[in-house]
Amino acid sequence: MVKMSDVAEKANVSKATVSRVLRSPETVKKATRDKVLAIIEQLNYQPNILARHFRRSETNTILVVIPNIMNTVFSHILGGIEHEAGKHGYRVILANTNKQVEKEYEYLDHLRQRQADGMILLSARMDKGVLSEVMKQYPVVLTADYLEGIPIPTVTIDNVSSGRTATEHLIKLGHSRIAHITGPLHLLVSQDRLKGYRQALLQNDLDVDNILIQEGDFSHESGYNQMTKLLALEHPPTAVFSANDEMATGIIKAAKDHGLSVPEDLAVVGFDNVKLSAIYDPGITTIAQPMFEMGSKAMELLLQQINGDETSKKQYVLQNELVIRESCGANQKKLG
């Protein structure tokens, strides 16, 4: 049996476009409409009238799957999603997985039961094959994370370049013994920030000492615990690149609890530029992600899919910047 996905593939359009040609052809450009209709006739596609009836029931609701509602990065991205959704008359349902991948699968039922018109993922841990099948049937966008080998529309930043920038800042300040406390290394964004750290060291003729690389989990506690390990080394680091700001606060507290001063004895760079990084003592130098804009762009891409519009590209990489505060100091000197 010929399926709608077969028509979409042969016509080189989305399933949403084929659906619009069938239910509201006046909303599709004539050239595209004629091409799709020709393929439908060529393949002798017979749409399921009952299924088509159900697909026409729009909910004006978007499902946002978030791995940790307590993470302020995700809340800022969510703000961008809700702002853009509200402008177009959509409401947002929040689905918190608490980092449990099985809950991602459970929330797919909201799409299958037509309780939402589309889904934005703020992390994707489910099987790529499952996600690929879901994408063929429903509008889906991924932001704050990305997947390799699957053409899902994605909004993110260049985490490799960002990790390199953060580390190079410490090198320019004269540090040579620089540690990195990573995020969970099963996440591609954590792997990319680590890759950028390694690149910066090697490009500046500095050795990569694996003992200075410790895996955290993005929490304050993991920053504190991993920094405590690093301070126990015979030759502890003089600077640390933290994969997020929350771990950076734990790193600074660990240093202070060990009688060290930040930035005089230990320089720290974080990542994200959450509000806490500006009010913490000392203020944390960090890589600023355009979190609100990431959410807004993700919602924009989802609406394009819902409306059957073609997107010009699948991956959108937004700009980030280094925000310099007090946690690194400003004096360039030879250390480490």
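Residues numbered from 1 in each chain as written. Predicted model: local features only at pLDDT ≥ 70, side-chain atom pairs only at ≥ 80, totals over all residues. Heavy atoms only, no water.

### Considerations on the pairing of strand 4 (residues 140-143)
Here is the rule: Exposed residues in this analysis have more than 50% of their type's maximum accessible area, buried residues have under 20%, and partly exposed residues fall in between, with area computed by a 1.4 Å probe over protein chains only. Counting from the N terminus, the helices are the DSSP runs of H or I reaching at least four residues and the strands are the DSSP runs of E reaching at least two. Here, the term right-handed applies to a crossover whose path from the first strand over the helix to the second runs clockwise when the strands point away from the viewer. At least two DSSP bridges between two strands are required for those strands to pair.
Side chains of strand 4 alternate between two faces, with V140 and L142 and V141 and T143 buried alike. The parallel pair strand 3 (residues 118-121) and strand 4 is bridged by helix 7 (residues 128-137), and the resulting crossover is right-handed. The pairing of strand 4 with strand 5 (residues 154-157) spans two bridges and is classified as parallel. When the sheet's bridge partners are listed, T143 is paired in strand 5 with V155.

### Let's talk about a nonpolar patch on the surface
Our working rule: Each patch is assembled from residues with relative accessible area greater than 30% and no salt bridge, linking like charges that lie within 9 Å and nonpolar side chains (Val, Leu, Ile, Met, Phe, Trp, Tyr) that lie within 5 Å. Here the accessible surface of atoms and residues is derived via Shrake-Rupley with a 1.4 Å probe, and residues count as covered only by protein chains that are part of the display. Salt bridge, as used here, is a side-chain nitrogen of Lys or Arg placed within 4 Å of a carboxyl oxygen of Asp or Glu.
Together, I69, M70 and L94 make up an exposed nonpolar region whose accessible area comes to about 310 Å². Tracing the sequence through the fold places M70 in the loop between strand 1 (61-66) and helix 5 (72-87). For M70, a relative accessible area of 68% puts it in the exposed group.

### Considering the pattern of salt bridges
Under the definition given, this model contains six salt bridges. Note that E133 and K136 form a salt bridge whose closest N and O atoms lie 3.1 Å from each other. In this pair, E133 and K136 both sit in helix 7, three residues apart, roughly one turn of the helix. Residue classification places E133 among the partly exposed residues on the basis of a relative accessible area of 41%. Residue K136 is classed as partly exposed on the basis of its relative accessible area of 43%. Residue E300 pairs with K297 through a salt bridge whose shortest N-O separation is 3.1 Å. Placement of the pair is E300 and K297 together in helix 13 (residues 291-306), with a separation of three residues, close to one helical turn.

### So, helix 13
The criterion, for reference: How far a helix is expected to stretch is found by multiplying one less than its residue total by 1.5 Å.
In this model helix 13 runs 23 Å from its N-terminal to its C-terminal C-alpha over 16 residues, within 8% of the 22 Å that 1.5 Å per residue would give. Where burial is concerned, most of helix 13 is hidden: 13 out of the 16 residues are buried.

### Looking at the environment of L260
Formally: In this description, contact between two residues means that some pair of their heavy atoms is separated by no more than 4.5 Å.
With respect to the element layout, L260 can be found in the loop between helix 11 (245-257) and strand 9 (267-272). The residues touching L260, leaving out its near neighbours within four places in the chain, are L231, A255 and D265.

### Some thoughts on the packing of aromatic side chains
Formally: What counts as a ring pair is set by centres within 6.5 Å for rings of Phe, Tyr and Trp (its six-membered ring), and what kind of pair is set by the plane angle: stacked under 30 degrees, edge-to-face over 60, tilted for all other angles. We call a charge positioned above a ring when the Lys NZ or Arg CZ atom is no farther than 6 Å from the ring centre and deviates by at most 35 degrees from the ring normal.
Per the stated rule, a full pass over the model turns up one aromatic pair. Both rings, one in F241 and one in F271, keep their centres 6.4 Å apart while their planes meet at 40°; by these two values the pair is tilted. Here F271 lies in strand 9 and F241 lies in strand 8 (residues 239-242), a separation of 30 residues in the sequence. The cationic tip of R193 hangs over the ring face of F271; the distance from NZ or CZ to the ring centre is 3.8 Å.

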